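# Structural characterization, general
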Amino acid sequence: MRKAFLAALAALTCGASALAATEIRGAGSTAAAPIYRVWADGYKAATGVTLQYDAVGSGEGLKRVRAGQVDFGASDVPMPEAEAKKAGLVFVPSVVTGAVPVVNLPGVPQGRLKLTGEVLAAIFLGKLTAWDAPEIRALNPGIALPRLPIRPVVRADGSGTTYHFSSYLSAVSADWKATYGTQSTLPWPSSFTAARGSSEVVGAVQGTAGTIGYVDYNYVLDAGLNAVQLRNAAGRFVPAQVDNFREAVVQSEWNQKGNFTASLVNQPGANAWPITMGTFIVVPAVSQSGARTLDALKFVTWGYLRGDDLAREAKFVPLPERVQARAYRELARVTDRSGAPIGLSSIGAPGR
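From a predicted model like this one, the values you see are computed outputs, not experimental measurements.

What follows covers the overall build of the protein. On a plain count of helices and strands, the protein comes out with 15 helices and 13 strands. Relative to a compact globule of 352 residues, whose C-alpha radius of gyration would be 20 Å, the protein shows 21 Å and is just as compact. With 352 residues in all, the protein has 56% of them scored as buried. Per element, the accessible surface of the protein, about 14,100 Å² overall, is 50% carbon and sulfur. Within the protein, one finds 34 positive and 26 negative side-chain charges whose respective centroids are separated by 2 Å.

This is the structure:
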């Protein structure tokens with residue numbers, strides 16, 4: 001079935017090439033920007049169609065797709081089905097990654113610092129203020145922790161990364177849950193360094209000793225940041241890496257029940273990374289510009305079917321086939337203003 005779908009997709013893409021736009025417009029998640037850049041390069045080579053993607057944050061991406069300023073939005077924050085229906089939006093996952101605490105601590109070896117969720121929550125609540133605090137020393141015997149103040153770097157803008165980071169802290173810390181809960185934007189203490197976008201967080205962490213921030217995994221690799229090990233639901237300290245994100249997905253309702261609105265944080269599994277997160281494509285359920293929306297959906301579907309290796313190249317985890325199939329069914333129900341399907345449903349569903 002997958003081969004037949006690929007052939008149908010290729011025929012649809014080639015057959016519509018004379019009418020298709022030469023550029024697709026997207027905006028949103030800074031975390032997801034690398035995967036869309038990699039997909040875009042492959043898609044342009046295959047079809048000649050380019051992607052103009054603005055990494056402006058998940059919140060702004062949703063605003064732009066609602067306003068019809070872009071052909072698709074990209075958000076790291078899942079929206080419950082009922083809420084998405086009320087908003088007139090279709091949400092589908094594209095790939096999976098992880099949010100990762102990172103530090104700038106002179107003398108601390110790369111990837112060696114260990115933290116628990118409870119200690120991480122205390123740091124970002126402003127209750128732990130020194131790197132040589134007893135709570136941190138107890139988790140890191142044999143590491144000479146510097147006598148430096150803890151300087152948290154946080155997101156100032158609406159951020160899917162913040163959403164998943166706070167979701168994890170809510171799952172492991174009653175104190176955090178009661179104080180902040182799960183939100184995309186938080187009222188951080190004024191003493192924290194606030195940065196807009198993942199790139200600014202990276203720069204702030206790199207620029208000052210004693211800092212701790214949180215970014216998406218691909219930024220950790222690209223910038224050579226010092227990532228923290230976290231204790232997961234199985235009680236093991238694990239590093240952030242693709243195999244551990246994949247284990248979290250396998251253990252989750254995404255894989256077991258096909259429910260991609262479920263959280264991926266703090267999943268069971270010996271090596272599961274506790275702040276695993278999906279990133280999502282967002283399009284209007286009723287398109288005001290059917291042809292442009294169809295072009296965007298062809299791009300997304302191409303990414304599902306031919307982009308698995310590209311996802312790994314960009315340090316993301318591709319979706320399991322059953323999740324891709326459900327996502328495709330959601331995309332296929334997008335209509336034009338008259339209520340007619342915009343055309344994607346004519347090529348059938350991928351996967352099983």
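Attention shifts here to the pairing of strand β3 (residues 72-75). Because side chains alternate across β3, one face comprises the buried residues F72 and A74, and the other comprises G73 and S75, equally buried. Judged from the three bridges that link them, strand β1 (residues 23-28) and β3 form a sheet pairing that is parallel. What sits directly across from A27, in β3, is G73. With three bridges connecting them, β3 and strand β12 (residues 276-284) associate as antiparallel partners. Its bridge partner lying in β12, A74 is registered against I281.

To continue, consider the side chain of N218. Here N218 shows up in helix α10 (residues 217-223). Once residues within four sequence positions are removed from consideration, N218 is found in contact with A31, P34, T97, A314, K315 and F316.

Our focus in this paragraph is the confidence of the model for the protein. Averaged over all residues, the pLDDT of the protein equals 88, while 91% of them reach at least 70. Every residue in residues 1-19 scores below 50 in pLDDT, and together they form 30 contacts with partners more than four places removed in sequence or on other chains. Below pLDDT 50 for its whole length, residues 346-352 participates in 20 contacts with residues either more than four positions away or in separate chains.

The three strands are arranged β5-β10-β11 in an open sheet whose pairing can be described as mixed. The open sheet has two free edges, formed respectively by β5 (114-115) and β11 (237-238), since each of these has just one partner strand. Direction of pairing for β5 relative to strand β10 (residues 229-231): parallel, over a ladder of two bridges. In the sheet register, L115 faces β10, and the bridge partner there is L230.

Moving on, we get to the packing of aromatic side chains. All told, the structure shown has 19 aromatic pairs when counted by the stated rule. On the basis of an interplanar angle of 55° and a centroid distance of 6.4 Å, the ring pair of F91 and F280 is categorised as tilted. Of the two residues, F91 is situated in strand β4 (residues 89-103) and F280 in strand β12; the sequence distance between them amounts to 189 residues. Across the pair, exposure class does not vary: F91 and F280 are buried alike. When the centroid spacing of 6.0 Å and the interplanar angle of 40° are considered together, the rings of W188 and F192 count as tilted. Each member of the pair, W188 as well as F192, is classed as buried. Of the aromatic side chains, those joined through ring pairs into one cluster are Y36, W39, Y43, Y53, F72, F299 and W302.

Judged from the six bridges that link them, β1 and strand β2 (residues 50-55) form a sheet pairing that is parallel. Considered in β2, the bridge of R25 is made with Q52. Following the backbone out of β1, through helix α2 (residues 33-47) and into the adjacent parallel β2, one traces a crossover that is right-handed.

With 111 residues, the main nonpolar core has Y36, L113, L115, I123, F124 and I136 as its most contacted residues. Per-element accounting of this core gives the leading share, ten residues, to β4. Those residues in contact with F124, other than ones at most four positions away along the chain, are P152, V153, V154, F165, W176, Y180, W188, F192, I212, G213 and Y214.

With that settled, consider helix α9 (residues 197-207). Among the residues of α9, those classed as buried are G197, S198, V201, V202 and V205. Those residues of α9 that are buried lie in contact with β4, β6 (151-155), β7 (193-195), β8 (211-216) and α10.

This part covers the packing of helix α13 (residues 290-306) against helix α15 (residues 321-331). One way to put it is that α13 packs onto α15 with a least axis distance of 11 Å and a crossing angle of 170°. Accordingly, the angle class assigned to the pair α13 and α15 is roughly antiparallel. For the pair α13 and α15, the contacting residues are L297, V300, T301 and Y304 in the first and Q324, A327, Y328 and L331 in the second. Taken together, the residues of the contact of α13 with α15 break down into six nonpolar, two polar and no charged.

Cut-offs used in this document
- For every chain, the first residue of its written sequence is number 1, and the numbers climb from 1 along that sequence.
- Where local features are concerned, this predicted model is filtered to residues with pLDDT of at least 70; where side-chain atom pairs are given and counted, the filter is 80 or more; whole-chain, interface and lining totals use all residues.
- Side-chain descriptors were evaluated using all non-hydrogen atoms of the structure, hydrogens and water having been removed beforehand.
- Runs of H or I in DSSP of at least four residues are treated as helices and runs of E of at least two as strands, each being numbered from the N terminus.
- Restricting the calculation to C-alpha atoms gives the radius of gyration, and the globule rule supplies 2.2 Å times the number of residues raised to the power 0.38.
- When a residue's accessible area, from a 1.4 Å probe over protein chains only, is under 20% of the maximum for its type it is buried; when over 50% it is exposed; and in between it is partly exposed.
- All accessible-area figures derive from a Shrake-Rupley calculation using a 1.4 Å probe, and residue coverage is judged against the displayed protein chains alone.
- Residues scored as charged are limited to Lys and Arg (positive) and Asp and Glu (negative), so that His and the chain ends carry no count.
- Taken as the charge centre is NZ of Lys, CZ of Arg, CG of Asp or CD of Glu, depending on the residue.
- Two strands are said to pair when DSSP picks up at least two bridges between them.
- Only heavy atoms enter the contact rule, under which two residues are in contact if any of them lie within 4.5 Å.
- The pLDDT value expresses, per residue, how confident the predictor is, ranging between 0 and 100.
- Each pair of aromatic rings taken from Phe, Tyr and Trp, with Trp reduced to its six-membered ring, is defined by centres within 6.5 Å and is described as stacked if the planes are under 30 degrees apart, edge-to-face if over 60, and tilted in the remaining cases.
- With strands facing away from the observer, any crossover in which the path from the first strand over the helix to the second runs clockwise is taken as right-handed.
- To form a nonpolar core, buried Ala, Val, Leu, Ile, Met, Phe, Trp, Tyr and Cys residues must be joined to one another through side-chain atoms within 4.5 Å.
- Comment: axis = line fitted to C-alpha atoms, over the contacting stretch for helices; angle = value between 0 and 180 degrees taken between N-to-C directions.
- When describing relative orientation, an angle under 35 degrees is termed roughly parallel and one over 145 degrees roughly antiparallel, while 65 to 115 degrees is termed roughly perpendicular and anything else oblique.
- We call Asp, Glu, Lys and Arg charged. Ala, Val, Leu, Ile, Met, Phe, Trp, Tyr, Cys and Pro are nonpolar, and the rest, Gly among them, are polar.

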